[in-house]
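Observations on the three-dimensional arrangement
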Amino acid sequence: LASLILVRFGELTLKGNNRQHFEKAVIRDMRNRLRDYPRARMKTSFGRAFIELNGEPFEPIADQLNHVFGLSSFSPVQSCDAEAEAIRETALHVMSQLERIPETFKVSVKRPNKNFPMDTLQMQHYIGGYILPQFPGLKVDVRNPEIELYVEIREKHAYVYCEVYPGLGGFPAGTNGKGMLLLSGGIDSPVAGWMAMKSGLDIEAIHFHSFPFTSERAQQKVLELAQRLSDYSGRITVHMVPFTEIQTRLKQHCDDRLLITMIRRAMMRVANKIAERREAGAMITGESLGQVASQTLPSLTVIGQAASLPVLRPLIMMDKAEIVRLAKRIKTFEISIQPYEDCCTLFVPKSPSTNPNAKIIEKLEESAPWLEALIAEAADSAEVLEISGEKQSHELESLF
Ligand code: ATP
Ligand code: MG
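Now for a description of the structure that goes with this document. (Residues numbered from 1 in each chain as written. Chains lettered and ligands numbered in written order. Predicted model: local features only at pLDDT ≥ 70, side-chain atom pairs only at ≥ 80, totals over all residues. Heavy atoms only, no water.)

A closer look at the sheet that holds strand β11 (residues 202-209)
Definition in use: Note: two strands are recorded as paired if DSSP finds a minimum of 2 bridges between them. A run of DSSP states H or I qualifies as a helix once it reaches four residues; a run of E qualifies as a strand once it reaches two. Both are numbered from the N-terminal end.
Spatial ordering of the open sheet is given by β14-β13-β10-β11-β12-β15, a layout of six strands whose pairing is mixed. Strand pairing shows two members of the sheet lacking a second neighbour, β14 (311-312) and β15 (383-387), which therefore form its edges. In this structure, β11 lies alongside strand β12 (residues 236-242), joined through six bridges in parallel fashion. When the bridges of β12 are listed, F208 appears paired with V241.

Quick look at the structure:
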């Protein structure tokens, strides 16, 4: 049983003010997540923090830490007085808590407390020599040990641990500005949103629905996806945009082969309007090169030209297997594969153009004078929902 969790955060490249800003944001996120564990106390010092558990359980708190961006790793730690005998007893205790006795190990001592009576090497031998005979078959291997037992000796206390769990890394929420995520009900866009969050973007989501061609259940699915994302950010704003009329009118207006490009451009323009109103600096999509006809280089170019803000595509060079692996890890996959259709599946023609011509598309749009007004109307009539964390799930259900 650990009495503390040692948390390490930081980005290697950060300096000065940026570093402070970064650390503050990580600490704020961790504090919010510890609220449900009132006895847990957090103490911070440069680049790291200690969480004193005071009887609170390790596992659920570790799960919370697995949702914190900007966190590089953490370890369950035993602390004791900075006194040689207490330290070696604690070291023995930590070793005996391991699920399986390793074949090889090594003791690594750090000694920031320069007044400690034994030096690093002496202390390593003192602890190692005490532990070895207690576990038959255990050997020391300084090069490639199965278990590394870390001991850090400070002024008053010493810390002992041997497990290091990787954190998510990345940048804490909002440290790099805000992005507007185009969130469909598919597998890709939630993953794209998560990656954008990991890059320090605060996210709002926008979803285009074609009610009544698509069901309310399809919208609920999107809100559930948003909720999974909010597990990482605490909350997320979702803009639900009625898109039926634009899609139906465009379908009557143009050749089937160009329909998907026209629809995507209209989406971009609505999203761009809402993004600007919400002071987002970019849009984010789940597009991935070559996946479908609308994701060839020429298609992406023509679609992107409808937006004045930059369009970020975190998945652009990932293959489907990698995307699915991430979707499973962030727990959006199970929701995405539910069979409710999002609007586009209904309006996707059999053989869309993979090489749409920008001039032709622009001409088509010019010959649709009603389009501009419908785009403005769609942006204005978006329904805005606030989704936050797991506890809101029952409220979600009552929405429909
Ligand atoms: P996804 O799995 O995210 O749906 P996809 O591979 O199915 O992606 P498309 O359906 O071509 O690809 O959509 C490309 C991108 O356009 C999506 O990743 C998403 O960002 C955006 N998008 C598509 N449909 C919608 C929608 N109904 N609402 C909001 N954004 C959408
Ligand atoms: Mg899709």
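Still to come is the rest of the account.
Here we look at the pairing of β11
This is how it is decided: Each residue is assigned to one of three classes by its accessible area relative to the maximum for its type, calculated with a 1.4 Å probe on protein chains only: buried under 20%, partly exposed between the two thresholds, exposed over 50%. Seen with the strands pointing away from the viewer, any crossover whose path from the first strand over the helix to the second strand runs clockwise is right-handed.
Most of β11 sits out of view: seven of its eight residues are buried. The sheet contact formed by strand β10 (residues 178-182) and β11 spans five bridges and is parallel. In the strand pairing of β11, K178 is matched with D202. The β-α-β motif built from β10, the intervening helix α5 (residues 188-198) and the parallel element β11 has right-handed crossover chirality. In this fold, the crossover linking β11 to β12 by way of helix α6 (residues 216-233) has right-handed handedness.

Structural notes on empty space enclosed by the protein
Unoccupied space between atoms shows up once a probe the size of one water molecule is rolled over them. Rules: Here a cavity denotes a set of grid points, spaced 1 Å apart and computed over the protein atoms alone, in which a 1.4 Å probe fits but from which it cannot get out, and a pocket denotes an open set meeting protein on both sides within 12 Å along at least five of seven lines; residues with an atom within 4 Å of a point are reported as lining. Grid points are joined across faces, edges and corners, and a volume is the space filled by probe spheres set on the points. Residues are grouped as follows: Ala, Val, Leu, Ile, Met, Phe, Trp, Tyr, Cys and Pro are nonpolar; Asp, Glu, Lys and Arg are charged; all remaining types, including Gly, are polar.
For the structure on display, the rule yields two cavities of 30 Å³ or more. Of the voids in this model, the largest cavity is the one considered here, and its volume is about 40 Å³. Residue lining of the largest cavity: F69, A173, M197, L201, D202, I203, Y232 and S233, and that is the complete set. Elements that contribute at least two residues to the lining of the largest cavity include exactly β11 and α6. Taken together, the residues that form the lining of the largest cavity break down as six nonpolar, one polar and one charged.

Considering the nonpolar core
To keep it simple, the criterion reads: For our purposes a nonpolar core is just a set of buried Ala, Val, Leu, Ile, Met, Phe, Trp, Tyr and Cys residues, chained together by side-chain atoms within 4.5 Å.
F208, I246, L250, V270 and M283 are the most contacted members of the largest nonpolar core, which has 39 residues in total. At the level of elements, β10, β11, α7 (244-253), α8 (256-277), α9 (297-304), α13 (358-366) and α14 (370-380) are the ones that each hand at least two residues to this core. Sorting elements by how many residues they give to this core places α8 first, with eleven residues. The next biggest cluster of nonpolar side chains, apart from the first, holds 32 residues, and it includes L168, I187, A192 and L201.

Comments concerning the site of ligand 1
Put simply, the rule reads: Residues are classed as near a molecule or strand on a simple rule: at least one heavy atom within 4 Å of it. Identification of polar contacts relies on pairs of N or O atoms within 3.5 Å, with a donor-acceptor requirement for protein atoms, meaning one able to donate a hydrogen and the other able to accept it, and with residues adjacent in sequence counted only if both atoms are side-chain atoms. Method for areas: the Shrake-Rupley scheme with a 1.4 Å probe, in which residue coverage is limited to the protein chains shown.
Within the structure, ligand 1 sits among 21 residues, and L182, S184, D188, S189 and R264 are positioned closest to it. Between ligand 1 and the protein, one listed contact pairs an oxygen atom with a backbone N or O atom of L182 at 2.6 Å. Within the backbone of I187, a nitrogen or oxygen atom sits 3.0 Å from an oxygen atom of ligand 1. Its free accessible area being 570 Å², ligand 1 has 90% of it covered by the protein chains. Broken down by secondary-structure element, the contributors of at least two residues to the shell around ligand 1 are α5, β11, α8 and α12 (343-347). Per-element accounting of the shell around ligand 1 gives the leading share, three residues, to β11. Split into classes, the residues belonging to the shell around ligand 1 amount to nine nonpolar, nine polar and three charged.

Considerations on α8
The criterion, for reference: Here, expected helix span is obtained from the residue count minus one, scaled by 1.5 Å.
With 22 residues, α8 should cover 32 Å at 1.5 Å per step; its first-to-last C-alpha distance of 32 Å lies within 8% of that length. For α8, a buried count of 16 out of 22 residues is recorded, marking the element as mostly surrounded by other parts of the structure. Where α8 starts, the residue carrying a side-chain oxygen 2.7 Å from the main-chain nitrogen of R257 turns out to be D255. Positive backbone phi, at 60°, marks E279, one or two positions downstream of α8.

Re the pattern of salt bridges
Operational definition: Any Lys or Arg side-chain nitrogen found within 4 Å of a carboxyl oxygen on Asp or Glu counts as a salt bridge.
Scanning all chains against the criterion turns up 21 salt bridges. Of the charged contacts in the structure, one is a salt bridge between E245 and R249, with a shortest N-O distance of 3.8 Å. Of the two residues, E245 and R249 are both situated in helix α7; the distance of four residues between them amounts to about one turn of the helix. Owing to a relative accessible area of 29%, R249 belongs among the partly exposed residues under this scheme. Of the charged contacts, one joins R265 and E365 as a salt bridge, the two residues approaching to 2.8 Å between their closest N and O atoms. With R265 in helix α8 and E365 in helix α13, the pair connects residues that are 100 residues apart, well separated along the chain. In terms of burial, R265 and E365 fall into one category: buried. Connected via shared salt-bridge partners are R265, R269, E365 and E372.

Keep in mind these numbers describe shape, not what the thing actually does.
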